[in-house]
Structure formats: C-alpha cells, structure tokens
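For reference, the chains in residue letters:
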Amino acid sequence: MTVKEHYDNHLGHFYSWMTGDFHTKTNEFKRFLTDNFIRPTSNKTAIDLGAGHGLQSIPLAEVGFKVLAIDFNQLLLDELKVNAYDLDITVIKDDIKNVVTFADKPELIICCGDTLSHLGNKIEVKTFILDTVKSLDKNGKLILSFRDYSTKLAGKDRFIPVKSDDTKILTCILDYEDEFVNVTDLLYEKTNDVWIQKVSTYKKVRLLASEVVGQLEANGMTIKFNQIVNRLTTIIASKG
Ligand SMILES: C[S@@+](CC[C@H](N)C(=O)[O-])C[C@H]1O[C@@H](n2cnc3c(N)ncnc32)[C@H](O)[C@@H]1O
C-alpha cells in the first residue's frame, strides 16, 4: 500500500479523531510559535508541507502568515478548509516533493507531525531537505518535527495503543527493517452494535535525528532549536 493509498482508503477517514481535540492542539502549536519568536518578518509566505486537517496551518495563519497548505489527501484538505474559516490559507492538493514549485522564496517552510518519514526512502528525504532549503528566502526558517526511529521496538513493545472510545479502538503495530518501519494501523469500529476490523499497512523511513541535523547543516542551515516536543524531534533551522 502506498502512503497516499493508506491515507485515502484508511487513515484519512479517522486522522482528525486520532489526533484529538483540534483547539488544544492548535493552541499548543501557536504557543510553540510565539515562544520561539516565529512570526512574519518579510514577505509573510509560509508553506505547510503535509498540512493534514490544519493543526499547524491554522496557528501559522493566526500569527499572521499567508499560508500555502500542501497535502495529497482530499478528505483532510476538505477538513482544513472548514477549520480555516476566513484565515489567509490557500489549499493546494499536490505532492510535498514538489516543494520548489509552490511559492517564490517563502520566509518559512514547515513539515510537521512526522510527515518527513512518509517520503519514499532516505535519498528522497535528502533531496527534499535540499529542495526546501533551496526554496527558502535568504533569512528563511525551516521547522521539522518527526519521530526518531533509531531504537528498534521488538516483541509486544511493537503494539502501540493509540486511542479508543465507545466506537473506535486504534492500535498501531510497528515492524522494523533496516531502513524502513512497516506501520500497520489496526482500527476496530463499531457500526450498528457490531465491531468491524479495518486494517492497512504502509512504510515509513527510519529517520535518525542526527542524520536530519547533519543534512540541514550540510546545506548551510543553522540549528536554532532541537528538542523532543510531544515525542517528536522538533527542529527550527535558519538559513541566515
Ligand atoms: C502524519 S500526517 C501530519 C499532518 C499534520 N502536519 C499534523 O501534524 O497533523 C501526514 C500528512 O502528510 C500527507 N502526506 C504524506 N506524504 C505526502 C506527500 N508525499 N505529498 C503530500 N502529502 C503527503 C498525508 O496525507 C497526511 O495528511
């Protein structure tokens, strides 16, 4: 199953349920932006790569950016449009790998929520980082958040209870290979008093935080922030 098929046929249908209360999450990211002085300073253009239903696009627009929200899943983009109400957000259905084509010299590019690991392999990640840096304005900033998959999970530790309520139970099962993690999202959904199993598997790239930092620095970026936030390695890098 490709990543796009996984989202289109499976995860896209319950992604916003999985991520929890929208306002709590958007407020969290807005606080992260203000705490780290991320605000428009030149042309105001920010690109949100793998925007989903808008957990980062909405706060970016609320602090004053003109946001281009890129994603290839129509369902999540439709949710984003509703969440965006009258904010300055342009929704573009496209592949994030086309980053160089979306805007002329944005001052900010973000790729958050482990979207980076959805690329096809480590070579694609390397090219993607190069392209994002190339696209940025001269003092532009890049924000990445992703899971560090350096530690292999084995045995029963591979079964991660993600979320459950009266109608849904979601478990994520991880199978480690050298360069990839096979991710199975196992959902039980109750319909008319009957539990239905829905299951789909896709591959994520096993990212190492040290490799991503190394590639950013090799492309001339300065790391301004590198911490684990909500279990994701979170990096702010600056071109100037
Ligand atoms: C884990 S979600 C993160 C969404 C959002 N940033 C968040 O934190 O909630 C990954 C998102 O990236 C999108 N995506 C993954 N690979 C993509 C690609 N190559 N091009 C466009 N969108 C992609 C998926 O459709 C999904 O919405």
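Residues numbered from 1 in each chain as written. Predicted model: local features only at pLDDT ≥ 70, side-chain atom pairs only at ≥ 80, totals over all residues. Heavy atoms only, no water.

Caption draft 1: Quick look at the pairing of strand E7 (residues 168-176). The sheet contact formed by strand E6 (residues 159-164) and E7 spans 5 bridges and is antiparallel. Residue Lys 163 lies in a different strand from E7, and its bridge partner there is Leu 170. Here E6 folds back onto E7 in antiparallel fashion, the turn holding 3 residues. Across 9 bridges, E7 lies against strand E8 (residues 180-191) in antiparallel orientation. The residue of E8 that forms the bridge with Lys 168 is Glu 189. Linking two consecutive strands that pair antiparallel, namely E7 and E8, is a turn of 3 residues. (Pairing = 2+ DSSP bridges. Helix = DSSP H or I, 4+ residues; strand = E, 2+ residues; numbered from the N terminus.)

Caption draft 2: Region of the structure containing the pattern of salt bridges. Inspection of every chain in the model, using the stated rule, returns 13 salt bridges. With a closest N to O distance of 3.8 Å, Lys 81 and Asp 78 form a salt bridge. Of the two residues, Lys 81 and Asp 78 both sit in helix H5 (residues 74-83), 3 residues apart, roughly one turn of that helix. By relative accessible area, Lys 81 is classed as partly exposed at 45%. The class for Asp 78 is partly exposed, based on a relative accessible area of 36%. Note that Lys 204 is salt-bridged to Asp 114, the shortest N-O span being 2.8 Å. In this pair, Lys 204 sits in strand E9 (residues 194-205) while Asp 114 sits in the loop between strand E4 (108-111) and helix H6 (122-135), placing the two residues 90 residues apart along the sequence. An identical accessibility class is assigned to Lys 204 and Asp 114; each is buried. One network of salt bridges, in which partners are shared, links Asp 95, Lys 97 and Glu 124. (Salt bridge = Lys/Arg side-chain N within 4 Å of Asp/Glu carboxyl O. Buried < 20%, exposed > 50% of the residue type's maximum accessible area, 1.4 Å probe, protein only.)

Caption draft 3: Broad picture of the side chain of Thr 26. Its location among the elements puts Thr 26 in helix H3 (residues 22-35). There is a polar contact of 3.2 Å between the side chain of Thr 26 and the backbone oxygen of His 23. When near neighbours in sequence (up to four residues on either side) are disregarded, Thr 26 contacts Gly 54, Leu 55, Ile 58 and Pro 59. (Polar contact = N/O pair within 3.5 Å; in protein donor to acceptor, adjacent residues only side chain to side chain. Contact = heavy atoms within 4.5 Å.)

Caption draft 4: Molecular detail of the sheet that holds E9. As summarised here, the arrangement of the 4 strands in space is E6-E7-E8-E9, forming an open sheet in which the pairing is antiparallel. In this open sheet, the two edge strands, each paired with only one partner strand, are E6 and E9. Direction aside, neighbouring strands of the sheet carry axes that sit 20 degrees apart on average. (Axes fitted to C-alpha atoms, helices over the stretch in contact; angles between N-to-C directions.)

Caption draft 5: Representation of the site of the ligand in the model. What surrounds the ligand is a group of 18 residues, the closest being Tyr 15, Gly 50, Gln 56, Asp 71 and Ile 96. Between a nitrogen atom of the ligand and a side-chain N or O atom of Gln 56, the distance comes to 2.8 Å. At 3.1 Å from a nitrogen atom of the ligand is found a main-chain nitrogen or oxygen belonging to Cys 112. In the complex, 96% of the free accessible area of the ligand, which totals 600 Å², lies under the protein chains. The class makeup of the residues in the shell around the ligand is 8 nonpolar, 7 polar and 3 charged. (Near = heavy atom within 4 Å. Areas by Shrake-Rupley, 256 points an atom, 1.4 Å probe, with all protein chains shown as cover. Nonpolar A, V, L, I, M, F, W, Y, C, P; charged D, E, K, R; others polar.)

Caption draft 6: Representation of a nonpolar patch on the surface. Residues Ile 169, Tyr 188 and Trp 195 make up a contiguous nonpolar surface patch of about 260 Å² in total accessible area. Summarising the element assignment, Ile 169 is placed in strand E7. (Patch = residues over 30% accessible without salt bridge, like charges linked within 9 Å, V, L, I, M, F, W, Y side chains within 5 Å.)

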